[in-house]
Amino acid sequence: WLPRPGRKRLAVLLPGELRCLERSQTWLAALKQHADFFICTTAAYAEAAAILRPAGLAVVEQHSDLLAAEADLPAGSMRQWHKLAACCRQMRAEERRRGRPYRWALKWRTDFYLLEPHQLLQELSELDRDPDAGLIGASDKLFAGRRDVMLRLEGFWHALQGQFLDLDPRNSPVHLETILRGDESAKWYGFGLPERLVGRPASV
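Treat the numbers as computed from the prediction; the structure is a model and nothing was measured. (Residues numbered from 1 in each chain as written. Predicted model: local features only at pLDDT ≥ 70, side-chain atom pairs only at ≥ 80, totals over all residues. Heavy atoms only, no water.)

Visitor: Please clarify how the pairing of strand 1 (residues 10–15) should be interpreted in this entry.
Guide: Within a regular beta strand, the side chains point alternately toward one face of the sheet and then the other, so they alternate between its two faces. Across the six residues that make up strand 1, a large majority, six, are buried. Sheet topology note: the strand 1/strand 2 (residues 35–41) ladder contains six bridges and is parallel. The residue bridging Leu10 from the neighbouring strand is Ala35, located in strand 2. Each parallel crossover has a hand, and for strand 1 linked through helix 1 (residues 25–31) to strand 2 it is right-handed. In terms of strand pairing, strand 1 meets strand 4 (residues 104–108) through four bridges, oriented parallel. Residue pairing for strand 4: Ala11 is matched across the bridge by Ala105. (Buried < 20%, exposed > 50% of the residue type's maximum accessible area, 1.4 Å probe, protein only. Helix = DSSP H or I, 4+ residues; strand = E, 2+ residues; numbered from the N terminus. Pairing = 2+ DSSP bridges. Right-handed = clockwise from strand over helix to strand, strands pointing away.)

As structure tokens, this is what we get:
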């Protein structure tokens, strides 16, 4: 499904610290022929990010607005979602420069190793067959979809304000029906739901 090198239809978004990057260098080098990379990371990983020759690179410490926003986040886990928004902005800027949008976008954490990367790319291309398709993925480690669907997550870090269970254990804004209807990609085990509510399930 991949286009000829040079006609890039896939945007790869790499928000956060680029841990374990060396394990995926071979696959990333092959993917780079067909995709543009957009990275938002910290100064500790700036050198590693530059090696990937991304179409867009933002180092948090070099941008006062990014640095200030991250300092105000109520939970550390929100940082990757804030960086995802920065990657989306870079992607849209590149689309304006080249005069056409990407077809798909893939958000990936570099500490998530892909055993079958070609299977992922095949599943991504199959989303085009279903106009109502959402995202494919594995929790926050990796998810992908059509470009317009992925861009809906650009403001997700704003929506997360005050929505963490550990900030107010009495408030649980979790839609259990959605989780029960879904596949195994939801991190249900991280919700800390009370046993009186969910019992002791033997499986997902």
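Visitor: Whenever I open this one, the environment of Asp36 confuses me. Can you help?
Guide: Positionally, Asp36 belongs in strand 2. On the basis of relative accessible area, Asp36 is assigned to the buried category, the value being 10%. Counting along the chain gives 66 residues from Asp36 to Tyr102, while the straight-line C-alpha distance between them is 9.3 Å. Asp36 has contacts with Lys8, Leu10, Ala11, Val12, Ala55, Glu94, Arg98 and Tyr102, leaving out every residue within four places of it along the chain. (Contact = heavy atoms within 4.5 Å.)

Visitor: Can you help me understand a nonpolar patch on the surface in this one?
Guide: A contiguous nonpolar surface patch, about 350 Å² in accessible area, is contributed by Leu176, Leu180, Leu197 and Val198. Secondary-structure elements contributing two or more residues to the nonpolar patch are helix 8 (176–181) and helix 9 (195–198). (Patch = residues over 30% accessible without salt bridge, like charges linked within 9 Å, V, L, I, M, F, W, Y side chains within 5 Å. Areas by Shrake-Rupley, 256 points an atom, 1.4 Å probe, with all protein chains shown as cover. Salt bridge = Lys/Arg side-chain N within 4 Å of Asp/Glu carboxyl O.)

Visitor: So what exactly am I meant to see when it comes to the environment of Gln25 here?
Guide: Take Gln25: it is sitting in helix 1. Relative accessible area serves as the criterion here: at 31%, Gln25 is assigned to the partly exposed category. Sequence-wise, Gln25 and Leu52 are 27 residues apart; in three dimensions their C-alpha atoms are separated by 8.8 Å.

Visitor: I would appreciate a short explanation of the nonpolar core in the present structure.
Guide: Here is a general trend for soluble globular proteins: nonpolar side chains tend to be buried in one another's company. If you look at the biggest cluster of nonpolar residues, it comprises 26 residues, and the most contacted ones within it are Leu13, Phe38, Cys40, Leu84 and Met91. Those elements that provide at least two residues to this core are strand 1, strand 2, helix 3 (64–71) and helix 4 (79–98). Broken down by element, the residue count for this core peaks at seven residues, all from helix 4. In this view, Phe38 contacts Ala11, Val12, Leu13, Leu14, Ala55, Gly56, Cys87, Gln90, Met91, Glu94 and Tyr102; residues no more than four positions away in its chain are not counted. Core analysis: the next-biggest nonpolar cluster, separate from the first, contains 25 residues, Leu10, Leu52, Leu120 and Ile136 among them. (Core = buried A, V, L, I, M, F, W, Y, C linked by side-chain atoms within 4.5 Å.)

Visitor: Honestly, the side chain of Gln80 in this entry has me stumped. Any pointers?
Guide: Along the chain, the position of Gln80 falls in helix 4. By relative accessible area, Gln80 is classed as buried at 13%. Only 2.7 Å separates the side chain of Gln80 from the side chain of Lys107, close enough to count as a polar contact. Here Gln80 is in contact with Pro15, Lys107, Arg109 and Asp140, once residues within four sequence places are set aside. (Polar contact = N/O pair within 3.5 Å; in protein donor to acceptor, adjacent residues only side chain to side chain.)

Visitor: Help me understand the pattern of salt bridges, please; the structure alone is not making it clear to me.
Guide: Close approach of charged atoms allows side chains of opposite charge to pair. Under the criterion given, the structure shown has ten salt bridges. For Arg19, the salt bridge goes to Glu17, with nearest N and O atoms at 2.8 Å. A residue is classified by how much of its surface remains accessible, and Arg19, at 34% relative accessible area, is partly exposed. For Glu70, the salt bridge is made with Lys83, and the minimal N-O distance between the two is 2.8 Å.

Visitor: How do you make sense of the packing of aromatic side chains when you look at a structure like this?
Guide: Any two aromatic rings considered together are summarised by their centre-to-centre distance and by the angle between their planes. In total, this model carries four aromatic pairs according to the counting rule given. Plain terms: the ring middles of Trp81 and Phe156 are 4.8 Å apart, the flat faces sit at 80 degrees to each other, and that makes the pair edge-to-face. Taken as a pair, Trp81 in helix 4 and Phe156 in helix 7 (residues 156–159) lie far apart in primary sequence, 75 residues in all. Judged by its relative accessible area of 14%, Trp81 falls in the buried class. (Phe/Tyr/Trp six-rings, centres within 6.5 Å; stacked < 30°, edge-to-face > 60°.)

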